[in-house]
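Structural overview for review
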Amino acid sequence: MRTYLITGGAGFIGSNFILYMLNKYNDIKIINVDALTYAGNLENLKEIEKNSNYGFVKADICDNEKIEEIFKNNDIDYVINFAAESHVDRSIKNPEIFAKTNILGTVVLLDIAKKYWQDGEGFIEGKKYLQVSTDEVYGSLGDDGFFHEYTPLDPHSPYSASKASADMIVKSYIDTYKFPANITRCSNNYGPYQFPEKLIPLVINNCLEGRDLPVYGDGKNIRDWLYVEDHAKAIDMVINKGRLGQIYNIGGHNEKQNIEIVNIIIDTLNQILDENDVRKKYISDKLIKYVKDRKGHDRRYAIDPSKIKDEIGWYPETCFEEGIKRTIKWYLENEEWLKNITNGEYLNYYSEMYE
Ligand code: NAD
Ligand code: TYD
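Everything in this summary refers to the structure shown in the same document. (Residues numbered from 1 in each chain as written. Chains lettered and ligands numbered in written order. Predicted model: local features only at pLDDT ≥ 70, side-chain atom pairs only at ≥ 80, totals over all residues. Heavy atoms only, no water.)

Section: the overall build of the chain
The secondary structure content of the chain amounts to 12 helices and 15 strands. For the chain, the spread of C-alpha atoms along the three principal axes comes to 70 × 45 × 40 Å. For the chain, buried positions account for 55% of its 355 residues. In the chain, the proportion of contacts linking residues at least 24 apart, taken out of those at least 6 apart, comes to 83%. As displayed, the chain offers around 15,700 Å² of accessible surface, 47% of which is attributable to carbon and sulfur atoms. Side chains of the chain give 43 positive and 56 negative charges; the mean places of these two sets differ by 0 Å. (Helix = DSSP H or I, 4+ residues; strand = E, 2+ residues; numbered from the N terminus. Buried < 20%, exposed > 50% of the residue type's maximum accessible area, 1.4 Å probe, protein only. Contact = heavy atoms within 4.5 Å. Areas by Shrake-Rupley, 256 points an atom, 1.4 Å probe, with all protein chains shown as cover. Lys, Arg positive; Asp, Glu negative; His and termini not counted. Charge placed at Lys NZ, Arg CZ, Asp CG, Glu CD.)

This is how it looks when you write it as structure tokens:
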């Protein structure tokens, strides 16, 4: 039975990954380590919390002692590091925590995995560390071209700079110690359980509440949207088939301007909501409000995913039309989940950020 140490498994992508893996395999063990910051939510994992192949440890990845204890008590085969501060706008206001968690936390994980996986001069066969990174480390594109694995790193926000730094640390372990690792760099994910500070769930939530839909700048910035379950599948495949030391870009081939996304959400909600739903009265493009642009706002991200397709056979299966319908339906069916997290701290964040 292979044992996975998943960090940040109570967040958006981490929890989707855990659900995907435990639904797919019944012969793996998952240990989820999460500090439960504002973005971590154990509600996401209710479906599997009693699964005997799953365990949760509340810990900060910067806490050497707690991380070491997990390695001491378990024979960890794979580490998948999702844990991070992940929101660009928060990084612009408060960069320090991004450096701590995203860079120092990565060093702690690498160092302890290296210690427990070492076998003489090399490493025990079959062990692997996977760093979940982002296409934002490549910076911003003009009207054409794509990010390739060999595109030079040129991060602009404190968030992307911290992720690029973490990637460089992982690379240094690969180059110096021949440490068994992969780095994956994915584009913007969307799907169930995403915290409503990010564009898609924020717009869904604001539509449902009849609030303004804040669009930064001219609304023409482009992101390459990837359905989160496709991402989970890609990570599983990289763990199993990725060549050690390699970087793999994971993208949806699905570029959209932000304003298009906002209009698609408005239209889809109006299609899905019941004829008599009172919210239909106010969900329209009249809610759109152009607001001050984000500082240093990257213009366009777009990934060339041909390496992962050619080497590993992964491709994005979910088209945006289908993925966004599934996502919106999920939020409609889980309004309680949304209400529980849009109280308290979220309201302070929202008013500080947008009002
Ligand atoms: P998220 O913010 O939803 O979740 C992050 C999780 O990490 C939370 O559960 C949080 O409690 C936990 N965490 C934060 N600091 C921690 C610490 N010090 N110790 C232990 N746990 C800690 O993020 P996400 O959107 O799920 O992103 C997961 C990973 O994927 C991140 O590394 C992010 O950089 C990367 N990524 C995300 C996207 C995206 O579109 N969401 C795109 C590219 C890459
Ligand atoms: P976001 O979901 O924060 O992801 P990232 O910054 O990592 O790409 O933002 C996606 C895009 O949407 C980005 O171009 C910024 C824009 N955006 C808005 O226009 N309004 C908003 O309220 C938010 C949160 C984002």
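Concerning helix α8 (residues 258–272)
Compared with the 21 Å implied by 1.5 Å per residue over 15 residues, the 21 Å span of α8 between its first and last C-alpha is a close match. Considered for burial, the residues of α8 that qualify are Asn258, Ile259, Ile261, Val262, Ile265, Ile266, Thr268 and Leu269. Buried-residue contacts for α8 involve α6 (199–209), β10 (213–216), β11 (222–224), β14 (255–257), β15 (288–291) and α10 (320–333). (Expected span 1.5 Å × (residues − 1).)

Some remarks on the site of ligand 2
As a matter of local geometry, ligand 2 sits amid 18 residues, with Glu136, Arg223, Arg294, His297 and Tyr354 nearest to it. Here an oxygen atom of ligand 2 sits 2.5 Å away from a polar atom, N or O, in the side chain of glutamate 136. Considering every element that reaches the shell around ligand 2, the biggest residue donor is β10, with three residues. Here the shell around ligand 2 is composed, by residue class, of eight nonpolar, five polar and five charged. (Near = heavy atom within 4 Å. Polar contact = N/O pair within 3.5 Å; in protein donor to acceptor, adjacent residues only side chain to side chain. Nonpolar A, V, L, I, M, F, W, Y, C, P; charged D, E, K, R; others polar.)

Remarks on the sheet that holds strand β1 (residues 2–7)
Strand order in this open sheet of seven strands is β3-β2-β1-β4-β7-β8-β13, and the pairing throughout is parallel. At either margin of the open sheet sits one strand with a lone partner, and together these are β3 (54–58) and β13 (247–250). Neighbour-to-neighbour, the strand axes of the sheet open up by a mean angle of 20 degrees, direction not taken into account. With four bridges connecting them, β1 and strand β4 (residues 78–81) associate as parallel partners. When the sheet's bridge partners are listed, tyrosine 4 is paired in β4 with tyrosine 78. In the packing of helix α2 (residues 64–73) onto the sheet, the strands contacted are β1, β2 (28–34), β3 and β4, and the crossing angle to β2 comes to about 170 degrees. Where helix α7 (residues 228–241) meets the sheet, its contacts fall on β1, β4, β7 (128–134), β8 (181–186) and β13, and the angle it forms with β7 comes to roughly 145 degrees. (Pairing = 2+ DSSP bridges. Axes fitted to C-alpha atoms, helices over the stretch in contact; angles between N-to-C directions.)

A short note on the side chain of lysine 163
Checked against the element boundaries, lysine 163 lands in helix α5 (residues 158–177). For the buried lysine 163, which has no salt bridge, the nearest side chain bearing the opposite charge is aspartate 167, at an N-O separation of 6.2 Å. Dropping the residues within four chain positions of it, lysine 163 is found in contact with Ala84, Asn102, Val132, Ser133, Thr134 and Val137. (Salt bridge = Lys/Arg side-chain N within 4 Å of Asp/Glu carboxyl O.)

Re the packing of aromatic side chains
Under the definition given, this model contains 26 aromatic pairs. Centre to centre, the rings of phenylalanine 98 and tyrosine 159 are 6.4 Å apart; their planes meet at 85 degrees, and the pair counts as edge-to-face. Of this pair, phenylalanine 98 sits in helix α4 (residues 96–117) while tyrosine 159 sits in helix α5, and the two are 61 residues apart along the sequence. You can call tyrosine 159 buried: its relative accessible area is 9%. Measuring from ring centre to ring centre gives 5.8 Å for tyrosine 173 and phenylalanine 179, while their planes differ by 80 degrees; the resulting arrangement is edge-to-face. Just as tyrosine 173 is buried, phenylalanine 179 falls in that class too. One aromatic cluster in this structure is built from Phe71, Tyr116, Trp117, Phe123, Tyr129, Tyr173, Tyr177 and Phe179. The ring centre of tyrosine 177 lies 4.5 Å from the NZ or CZ of lysine 114, which sits over that ring. Sitting over the ring of phenylalanine 146, arginine 300 keeps its end group 5.9 Å from the ring centre. (Phe/Tyr/Trp six-rings, centres within 6.5 Å; stacked < 30°, edge-to-face > 60°. Lys NZ or Arg CZ within 6 Å of the ring centre and 35° of its normal.)

So, the pairing of β8
Taking burial as the measure, the six residues of β8 include six buried ones, the bulk of the element. A two-sided burial pattern is seen for β8, the buried positions comprising Ala181, Ile183 and Arg185 on one face and Asn182, Thr184 and Cys186 on the other. In this sheet, β8 lies alongside β7 in parallel orientation, the contact comprising six bridges. Residue pairing in the sheet places valine 132 in a bridge with threonine 184 of β8. As for the winding sense of the linkage, the β-α-β connection from β7 through α5 to β8 is right-handed. (Right-handed = clockwise from strand over helix to strand, strands pointing away.)

Quick word on the packing of α4 against α5
Running from N to C, α4 and α5 point in directions that differ by 20 degrees, and their axes come no closer than 8 Å. Classed by the angle they form, the pair α4 and α5 counts as roughly parallel. Taken as a pair, α4 and α5 cross one another with a handedness that is right-handed. Where α4 approaches α5, its residues Phe98, Ala99, Asn102, Ile103, Thr106, Val107, Leu110, Asp111 and Lys114 are matched on the opposing element by Tyr159, Ser162, Lys163, Ser165, Ala166, Ile169, Val170, Tyr173 and Tyr177. (Parallel < 35°, antiparallel > 145°, perpendicular 65-115°, else oblique. Left-handed = near helix turned anticlockwise from the far one by under 90°.)

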